[in-house]
Amino acid sequence: MSDGDLISELYAGCFRRLVVQLYAVTGDLTEAQEAVQEAFTRALVSPRRFAALENPEAWLRRVAVNWARSRYRRRRVLDGLLRRIGPPPAVADHSPEHLALLAALRVLPEGQRHALALHYLVDLPVDEVAATLGVSSGTVKSRLSRGRVALAALLADTDTPDATSTGTGTGTRCATDATETGRIDVRS
């Protein structure tokens, strides 16, 4: 029997049993499954040495328990740090305008989306956007220009009900309407 066959046979024969044992230790089924998977992954790193073990299942159990304990300790340290610094700032904006913008950005080609996000949302200058994306400044300027045009067209489609109520029917918004609603007209 080859080393790989031994590991496959052990996996088929004792994976569930090990998960049940680790579930009792961790109290979390997903954590138990990850610990056992990690133990099998480590067995695959050196299959000859694993095959030479007297009791491979006991070795897998020990590795899985140690991995789960290490992870628990790291999580406890992180939780302590997070409690000291306080709750994370609220960054999610669930306003309809923000959701429409995110949906429109997802439709754009990747290059335009990255350039727009880095330049307008992260406030990086064109040169830094170019360095981050690994392209020339001219390419970034082109992507920004094309992205703004495409984004304006996509957002104009979502503005159509507002435009028809104003009587223009063109989907464009006047500057006073944009400032009254707190929306920024990206087409200017």
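This one's a predicted model, so the numbers in the text were calculated from it and none came from an experiment.

Undergrad: What should I look at first to understand the overall build of the protein in this one?
TA: In terms of helices and strands, the protein carries nine helices and zero strands. For the protein, the succession of helices and strands along the chain, N to C, is α-α-α-α-α-α-α-α-α. For the protein, restricting intrachain contacts to residue pairs at least 6 apart in sequence, the fraction spanning at least 24 positions comes to 51%.

Undergrad: So what exactly am I meant to see when it comes to the nonpolar core here?
TA: What tends to happen in soluble globular proteins is that the nonpolar side chains get buried as a cluster. Leu22, Val36, Phe40, Phe50 and Leu60 are the most contacted members of the largest nonpolar core, which totals 22 residues. Looking at this core, the elements with two or more residues in it are helix 1 (3-26), helix 2 (29-45) and helix 4 (56-85). The element best represented in this core is helix 1, accounting for eight residues. Core analysis: the next-biggest nonpolar cluster, separate from the first, contains 14 residues, Ala104, Leu105, Val126 and Leu151 among them.

Undergrad: Explain helix 7 (residues 126-133) to me, please; I cannot follow it from the model alone.
TA: An α-helical turn contains 3.6 residues, so any two residues separated by three or four positions project in the same direction. Among all positions in helix 7, only Val126, Val129 and Ala130 are buried. Within helix 7, the buried residues cover an arc of 100 degrees as seen down the axis, which keeps them to one side. Summarising the geometry of helix 7, the exposed residues directed more than 90 degrees from the buried face are Asp127, Ala131 and Thr132.

Undergrad: Honestly, unusual backbone geometry in this entry has me stumped. Any pointers?
TA: With glycine set apart, most residues show a phi of negative sign, and most peptide bonds adopt trans. Its identity as a non-glycine residue notwithstanding, Asp123 has a phi of 65 degrees, on the positive side. Locating Asp123 in the fold gives a position in the loop between helix 6 (110-121) and helix 7. Of the residues examined, Asp123 reaches a relative accessible area of 62% and is grouped as exposed.

Undergrad: Can you walk me through the environment of Leu10 in this structure?
TA: For Leu10, the position within the fold is in helix 1. Considering only alpha carbons, one finds Leu10 and Glu57, 47 residues apart in sequence, at a separation of 7.5 Å. For Leu10, the contacting residues outside a window of four places in its chain are Phe15, Phe40, Phe50 and Pro56.

Undergrad: So what exactly am I meant to see when it comes to the packing of helix 2 against helix 4 here?
TA: The axes of two packed helices give the description: the angle between them and the distance between them. The geometry of helix 2 relative to helix 4 is characterised by a closest axis approach of 8 Å and an angle of 125 degrees between their N-to-C directions. Taken together, the axis directions place helix 2 and helix 4 in an arrangement best described as oblique. In the crossing of helix 2 with helix 4, the sense of the turn from one axis to the other is right-handed. In contact with Glu31, Glu34, Ala35, Val36, Glu38, Ala39, Phe40, Arg42 and Ala43 of helix 2, helix 4 contributes Trp59, Leu60, Val63, Ala64, Trp67, Ala68, Arg71 and Arg75. Looking at the contact of helix 2 with helix 4, its residues break down into 11 nonpolar, no polar and six charged.

Undergrad: How do you make sense of helix 2 when you look at a structure like this?
TA: Helix length check: helix 2, at 17 residues, gives a terminal C-alpha distance of 25 Å against a target of 24 Å (1.5 Å per residue), a fit within 8%. Listed in full, the buried residues belonging to helix 2 are Glu31, Ala32, Ala35, Val36, Ala39, Phe40 and Ala43. Here helix 2 starts with a cap whose side-chain oxygen sits 3.1 Å from the backbone nitrogen of Thr30, and that cap is Asp28.

Undergrad: Would you mind showing me how to read the confidence of the model for the protein here?
TA: Any region with low pLDDT has predicted coordinates that should not be read closely. Across the protein, the average pLDDT comes to 81, with 79% of residues at or above 70. Here residues 162-188 is a poorly scored stretch, pLDDT under 50, and it has 25 contacts once near neighbours within four places are set aside; other chains count.

Undergrad: Would you take a moment to explain the environment of Ala104 for this structure?
TA: Here Ala104 is to be found in helix 5 (residues 96-107). Spatially, the C-alpha atoms of Ala104 and Ala152 are 9.1 Å apart, while their sequence positions differ by 48 residues. Sequence-distant contacts of Ala104, that is, excluding residues within four places in its chain, are made with Leu151, Leu154 and Leu155.

Undergrad: Which parts of the structure should I look at to understand the pattern of salt bridges?
TA: Summed over the entire model, instances satisfying the criterion amount to six salt bridges. One salt bridge connects Arg42 with Glu38, and the closest N-O pair in it is separated by 2.9 Å. Of this pair, Arg42 and Glu38 both sit in helix 2, four residues apart, which is roughly one turn of that helix. Judged by its relative accessible area of 40%, Arg42 is partly exposed. According to the relative accessible area criterion, Glu38 is partly exposed, its value standing at 23%. Salt bridges here are not isolated pairs; linked through shared partners, they connect Glu31, Glu34, Arg71 and Arg75.

Reading the values: rules and limits
- Residues numbered from 1 in each chain as written.
- Predicted model: local features only at pLDDT ≥ 70, side-chain atom pairs only at ≥ 80, totals over all residues.
- Heavy atoms only, no water.
- Helix = DSSP H or I, 4+ residues; strand = E, 2+ residues; numbered from the N terminus.
- Contact = heavy atoms within 4.5 Å.
- Core = buried A, V, L, I, M, F, W, Y, C linked by side-chain atoms within 4.5 Å.
- Buried < 20%, exposed > 50% of the residue type's maximum accessible area, 1.4 Å probe, protein only.
- Arc of directions from axis to C-beta.
- Axes fitted to C-alpha atoms, helices over the stretch in contact; angles between N-to-C directions.
- Parallel < 35°, antiparallel > 145°, perpendicular 65-115°, else oblique.
- Left-handed = near helix turned anticlockwise from the far one by under 90°.
- Nonpolar A, V, L, I, M, F, W, Y, C, P; charged D, E, K, R; others polar.
- Expected span 1.5 Å × (residues − 1).
- Polar contact = N/O pair within 3.5 Å; in protein donor to acceptor, adjacent residues only side chain to side chain.
- pLDDT = per-residue confidence, 0-100.
- Salt bridge = Lys/Arg side-chain N within 4 Å of Asp/Glu carboxyl O.

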